[in-house]
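# Inside the fold
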Amino acid sequence: MSNLQFNSLINLSLTQESGQTSQSPWTHNSVGNMEEFSELIYLNIPSIINELSDETINLNKLPILLKLSQDKNDLNSFGCIYQLPKKVNKKEFSLNFDNFSNQEIKAIENEIEDEIKKIYNLDFDLEKFYEFLSEDEKLKPSIDFCNGLRLFIAKDPFECIISSICSANNSIARWTKSIDRIKHNWGERVEFDSGEFYGFPGPNQFLDFYETPIEEADADLHSYEIDCYTHNLKSCGVGYRAPYMKKASKMILEMDIDEIFSMDYDEAFDLILALPGVGPKVADCILLYGFGFEEAFPSDVWIKRIVSHLYFDGEEISADKTREFGISHFGDYAGYAQLYLFHYARKSGLMERINK
């Protein structure tokens, strides 16, 4: 196993904490000057040999634990080590690197590198973007507050769809907690040397989820007190969004979600907008963080106020006008501009001044 190195400008901590609705933040640990982030991903390796029973295990995809580490004083690089699973959904097996040839290990590490580059958008030229920001006096100050901030792209587009629906009219802390509860309730449990991690359930699983404690209790003939029933969506804190999530899951199963990657922005926007619980802002979040449409400009009440204050002298503007302005004014950088605008307003005190 190698310690994979990435030499790109990125602030991993800032990117994780920026509230992007691709996924909840990865497990975080801080040791001295080092920031560590761990998460389960899946690689396209369909089968392995279980040394404990000498049988071939068909996993569909191989669970891998990524452990990223970055020195707080060096935003131009970070490292990654990875672990193989010890147990998947209580199925115990022995896996080590003797199971793989050098060529297979290299293939695994190449796929890990590709996944990390995708998730953290490492091929995006931040320096060129900063040149663009420097030409806009309104946005130029955001560089200092957002240095190294990148898009945090979904490991799984479906997880982004559910996360984004959950984020509507919700705080970052609440929706991320709800997503983590969903994973713990129904996700595939994978045990590594570093502990247990959970995958995100698929749309077919969502169809079978109970929406409320009452629905779950009815199915169990009320064998326990109602407070004991927590294996339902509303107990995960999603509130009125529970039926939206189930209906959206059904619609996702009826389409080829991967086709969205090859659509143009307007076609993809109209398709995603048709999902239950999805308005224009959530649709743009899904396209930006789930599918990498960097021309999307998610516009909610906060972005509307920020854009109004910076570009329209405080004039009252609609969310639709805000979105149209962002797409036309920032062009291919719209998604990044929105991300930097929002974070800059939060961290600089601009948002508090606007609200006075």
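As the structure is a computational prediction, the values presented were derived from the model and not from experiment.

Calculation rules
Residues numbered from 1 in each chain as written. Predicted model: local features only at pLDDT ≥ 70, side-chain atom pairs only at ≥ 80, totals over all residues. Heavy atoms only, no water. Helix = DSSP H or I, 4+ residues; strand = E, 2+ residues; numbered from the N terminus. Rg over C-alpha atoms; globule rule 2.2 N^0.38 Å. Contact = heavy atoms within 4.5 Å. Areas by Shrake-Rupley, 256 points an atom, 1.4 Å probe, with all protein chains shown as cover. Lys, Arg positive; Asp, Glu negative; His and termini not counted. Charge placed at Lys NZ, Arg CZ, Asp CG, Glu CD. Buried < 20%, exposed > 50% of the residue type's maximum accessible area, 1.4 Å probe, protein only. Pairing = 2+ DSSP bridges. Polar contact = N/O pair within 3.5 Å; in protein donor to acceptor, adjacent residues only side chain to side chain. Core = buried A, V, L, I, M, F, W, Y, C linked by side-chain atoms within 4.5 Å. Expected span 1.5 Å × (residues − 1). Axes fitted to C-alpha atoms, helices over the stretch in contact; angles between N-to-C directions.

### Things to note about the overall build of the protein
A tally of helices and strands in the protein yields 15 helices and 11 strands. What you see for the protein is a C-alpha radius of gyration of 21 Å, in line with the 21 Å of a compact globule of 356 residues. Considering only contacts within the protein whose residues lie at least 6 apart along the sequence, 67% involve residues at least 24 apart. Working note: accessible area of the protein is about 16700 Å², and carbon and sulfur atoms make up 45% of it. Across the protein, the 34 positively charged side chains and the 59 negatively charged ones have centroids separated by 6 Å.

### What to know about the environment of F261
Mapped onto the secondary structure, F261 falls in the loop between α9 (242-253) and α10 (265-273). Owing to a relative accessible area of 43%, F261 belongs among the partly exposed residues under this scheme. Considered as a pair, F261 and G292 are 31 residues apart in the sequence and their alpha carbons are 8.1 Å apart. Once residues lying within four places of it in the same chain are set aside, the contact partners of F261 are P157, G290 and F291.

### So, the pairing of strand β10 (residues 189-192)
Only one face of β10 is buried: it carries V190 and F192, and the other face, with R189 and E191, is open. Sheet topology places strand β8 (residues 87-88) next to β10; 2 bridges connect them, and they run antiparallel. In the strand pairing of β10, K87 is matched with E191. Strand direction decides the pairing type here: β10 and strand β11 (residues 195-198), joined by 4 bridges, are antiparallel.

### So, the side chain of S299
With respect to the helices, strands and loops of the structure, S299 is situated in the loop between α11 (280-291) and α12 (301-311). Engagement of the side chain of S299 in a polar contact is seen with the backbone oxygen of F297, the distance being 3.0 Å. Among the polar contacts listed, one links the side chain of S299 to the backbone nitrogen of R323, at a separation of 3.4 Å. If sequence neighbours within four positions are ignored, S299 has contacts with K281, A319, T322 and R323.

### A word on the nonpolar core
With 77 residues, the main nonpolar core has I182, I306 and Y340 as its most contacted residues. Counting residues per element, this core draws most heavily on helix α14 (residues 334-348), which supplies 9 residues. With near-sequence residues (within four places) excluded, Y340 lies in contact with L126, F129, Y130, L133, S142, C146, G148 and L149. Residues F6, F37, L66 and C80 belong to the second largest nonpolar core, which totals 26 residues.

### With respect to α11
Given 3.6 residues per helical turn, the α-helix brings residues three or four places apart onto the same face. The end-to-end C-alpha distance of α11, which contains 12 residues, comes to 15 Å, matching closely the 16 Å that a straight helix rising 1.5 Å per residue would cover. All of the buried residues in α11 are V282, A283, D284, C285, I286, L287, L288, Y289, G290 and F291. Check the buried side of α11 and you find it contacts α5 (157-167), α10, α13 (319-330) and α14.

### Let's talk about the sheet that holds β8
Ordered by their spatial adjacency, 4 strands build an open sheet running β9-β8-β10-β11, and the pairing between neighbours is antiparallel. With partners counted over all chains shown, the strands left at the sheet margins are β9 (91-92) and β11, one partner each.

### Description of the sheet that holds strand β3 (residues 34-43)
Sheet strands associate in pairs through backbone hydrogen bonding, adopting either a parallel or an antiparallel arrangement. Read from one edge to the other, the open sheet built from 5 strands follows the order β1-β7-β6-β3-β2, with strand pairing classed as antiparallel. Looking at which strands have only one partner, the edges of the open sheet turn out to be β1 (4-6) and β2 (27-31). On average, each strand axis in the sheet is tilted by 25° relative to the strand beside it, whichever way the strands run. The sheet contact formed by β2 and β3 spans 5 bridges and is antiparallel. Opposite N29, over in β3, you have E36 as the bridge partner. Helix α2 (residues 102-119) rests against β1, β3, β6 (62-71) and β7 (78-83) of the sheet, and its axis sits at about 130° to β7.

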